[in-house]
Amino acid sequence: MVTVSHSKLSTFEQCPQKYKFGYIEKIDTGIKSIEAFMGDMVHRALEKLYKDLKFEKLNTEQGLIDFYNEEWEKHWEENILIVKKQYTKENYKDKGERMIRDYYKKYHPFNQETTIGLETQWYYDLSENHKIHVRIDRLAAPEEGTYEIHDYKTNSSLKTQEELDKDRQLAVYSMGVKKQFPDAKKVILVWHFLDFNKEMRSTRTTEELEELRREVISLIETIEKTDEYLPRQSPLCDYCEFKQICPLWKHLYITEEKTVEEFRKDDGVKLVDEYASLKEKEKNILGQVEEISEKIKKYSEQLGVKNLFGSNNSVMVWSKAAIKFPGKSDSERQKFKEALKALNLYEKYLDVDNWALEKDFDSLNEIEKQVLRKLGKQQKIYRLYLKERKGL
Ligand code: SF4
């Protein structure tokens with residue numbers, strides 16, 4: 001039986017290398033972003049609010065803020081990562097406080113519905129072989145047969161209704177709720193975007209949930225079959241707890257530890273500098289070749305000749321009036337391809353894009369893979385991309 005959680009699935013989708021560090025090698029770097037820390041503290045305060053209400057204790061707004069501040073100080077660690085250097089620990093703390101105050105004012109006295117569960121720890125069987133962790137911030141029942149899954153979001157981006165109607169996390173949890181409470185006629189998904197003081201809702205049909213169940217199982221199977229966990233660079237790398245040991249960034253951290261002298265002598269630094277310099281020369285040379293080619297074409301036309309002779313070489317200038325078809329980056333390319341297909345000329349005249357095929361290989365279906373495996377040779381592919389080190 002394979003057990004997954006929503007965060008396990010989304011970590012794999014975000015970056016397979018991060019998934020490997022966290023879930024396979026189980027590396028604990030002890031690093032946490034301040035955004036995650038602040039979110040955790042806000043969740044603790046709201047959990048306390050509803051937990052105490054179950055014992056008829058209604059915290060005051062200030063009482064809850066005091067609890068939040070105490071938790072913040074109790075759990076704060078010096079290695080908590082602040083990526084946005086223009087903001088301090090206090091700025092984040094105040095932001096969390098504002099979210100709790102806004103929530104408190106909006107829902108006080110918190111009697112809109114009955115709270116059934118807080119920070120649930122259930123597992124839902126997606127199939128005989130797969131189960132998923134159901135961790136609901138707050139499960140509530142506004143009326144008989146209706147359940148609400150409440151989720152607190154502390155991040156600074158507000159999702160659109162369209163995105164929420166396709167969101168996986170709460171939809172998966174709603175399967176768990178239906179299983180746990182067979183009387184559930186309706187399950188409403190409720191997001192509290194605390195930074196915006198905004199509540200948004202969505203629901204799913206039985207058919208949508210069944211389709212989602214199949215998609216999640218297929219994603220789990222893809223993860224199980226994976227044996228190469230490639231790093232996927234994105235703006236989220238700055239918040240990743242594994243950045244210092246990640247193959248994409250490790251060398252940067254190594255060089256940052258060095259003195260200017262050691263930095264200059266580092267083999268990696270020297271190789272990159274040499275490569276960049278040669279690529280620059282190559283660019284210049286290609287530009288010069290292009291320029292001289294144009295001059296040769298013009299000169300041969302003026303002279304009315306097809307062959308030009310130098311000291312040791314000659315250049316033949318071949319020309320023919322021909323039609324030029326849309327290239328790979330041309331917007332008319334698709335129309336061009338369709339026309340070739342209609343004429344049965346597609347296979348004959350369009351080059352196979354090997355690089356794209358090699359990159360996309362894992363996403364092909366099993367039959368396509370089987371056929372193509374026989375035609376290709378298993379080997380490690382290398383490409384070098386030269387980039388400028390902007391802002392590093
Ligand atoms: S730093 Fe970026 S690429 Fe590396 S593991 Fe983390 S998310 Fe993936």
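As a convention, each chain's residues are numbered from 1 in the sequence order in which they are written. Local features in this predicted model are restricted to residues whose pLDDT is 70 or higher, and side-chain atom pairs enter the listing and the counts only when it is 80 or higher, whereas totals over whole chains, interfaces and linings include all residues. Only hydrogens and water are set aside; all other atoms, that is, all heavy atoms of the structure, feed into the side-chain values.

## Describing the sheet that holds strand E7 (residues 138–143)
At step 1: DSSP calls a pair of strands paired once it identifies at least 2 bridges connecting them. In DSSP terms, a helix is any run of H or I states spanning at least four residues, a strand is any run of E spanning at least two, and both are numbered starting from the N terminus. Ordered by their spatial adjacency, five strands build an open sheet running E4-E7-E8-E9-E10, and the pairing between neighbours is mixed. Every interior strand has two partners, whereas the edge strands, strand E4 (114–118) and strand E10 (198–202), have only one. Pairs of neighbouring strands in the sheet enclose a mean axial angle of 25°, with direction left out of account.
At step 2: In this sheet, strand E8 (residues 146–153) lies alongside E7 in antiparallel orientation, the contact comprising four bridges. Bridge pairing in E8 links Glu-143 to Thr-146.
At step 3: Across the sheet, helix H3 (residues 34–53) touches E4, E7 and E8, and the angle it forms with E4 is around 130°.
At step 4: Residue contacts follow a heavy-atom distance rule, with two residues in contact if any of their heavy atoms lie within 4.5 Å. Between N-to-C directions, angles cover 0 to 180 degrees, with each direction set by a line fitted to C-alpha atoms, over the stretch in contact for helices. Contacts from helix H5 (residues 89–107) reach E7, E8, strand E9 (186–193) and E10 within the one sheet, and its direction differs from that of E10 by about 70°.

## Structural notes on the site of the ligand
At step 1: Neighbouring the ligand are the residues Gln-14, Cys-15, Gln-17, Lys-18, Pro-231, Arg-232, Cys-237, Cys-240, Lys-243, Cys-246, Leu-248 and Trp-249.
At step 2: For the shell around the ligand, the per-class residue count stands at seven nonpolar, two polar and three charged. One heavy atom within 4 Å of a molecule or strand is enough for the residue carrying it to be called near that molecule or strand. As a working rule, the residues Ala, Val, Leu, Ile, Met, Phe, Trp, Tyr, Cys and Pro are called nonpolar, Asp, Glu, Lys and Arg charged, and the rest polar, with Gly in that last group.

## Remarks on the packing of aromatic side chains
At step 1: Between rings of Phe, Tyr and Trp, where Trp is taken as its six-membered ring, a pair exists when centres lie within 6.5 Å; planes separated by under 30 degrees are stacked, by over 60 edge-to-face, and by other angles tilted. By the definition in use, this model includes 15 aromatic pairs.
At step 2: On the numbers, 5.3 Å between centres and 35° between planes, the contact of Phe-21 with Phe-242 is tilted. Note that Phe-21 is positioned in helix H2 (residues 16–24) and Phe-242 in the loop between helix H8 (206–225) and helix H9 (250–256), a separation of 221 residues in sequence.
At step 3: Residue Phe-21 is classed as buried on the basis of its relative accessible area of 8%.
At step 4: With relative accessibility at 3%, the residue Phe-242 sits in the buried group. Relative accessibility under 20% of the residue-type maximum defines a buried residue, over 50% an exposed one, and the middle range a partly exposed one, all with a 1.4 Å probe and only protein chains included.

## A word on the packing of H3 against helix H4 (residues 61–75)
Angle between the axes and distance between the axes are the two parameters that describe a pair of packed helices.
At step 1: Between H3 and H4, whose axes approach to 9 Å, the crossing angle comes to 140°. Compared by their axis directions, H3 and H4 come out oblique. The element H3 and its partner H4 pack so that their crossing is right-handed. Residue-level inspection shows Ile-34, Phe-37, Met-38, Met-41, Val-42, Arg-44, Ala-45, Lys-48 and Leu-49 of H3 in contact with H4, the latter providing Leu-64, Phe-67, Tyr-68, Glu-71, Trp-72 and His-75.
At step 2: Of the residues belonging to the contact of H3 with H4, the class tally is 11 nonpolar, one polar and three charged. Convention used here: angles under 35 degrees read as roughly parallel, angles over 145 as roughly antiparallel, angles from 65 to 115 as roughly perpendicular, and any remaining angle as oblique. Crossing handedness: left-handed means the near helix sits turned counterclockwise from the far one by under a right angle, and right-handed means the same turn made clockwise.

## Side note on the pattern of salt bridges
At step 1: Any carboxyl oxygen of Asp or Glu within 4 Å of a side-chain nitrogen of Lys or Arg constitutes a salt bridge here. Inspection of the entire model under this criterion finds 34 salt bridges.
At step 2: Where Arg-44 meets Glu-71, a salt bridge forms, and the shortest distance between an N and an O atom there is 3.1 Å. Of this pair, Arg-44 sits in helix H3 while Glu-71 sits in helix H4, and the two are 27 residues apart along the sequence.
At step 3: For Arg-264, the salt bridge goes to Glu-261, with nearest N and O atoms at 3.5 Å. Linking Arg-264 with Glu-261, this pair stays in helix H10 (residues 260–265), spanning three residues, or about one helical turn.
At step 4: Its relative accessible area of 55% is what places Arg-264 among the exposed residues.
At step 5: Salt bridges sharing common partners tie together Lys-32, Asp-40, Arg-44, Glu-71 and Lys-74.

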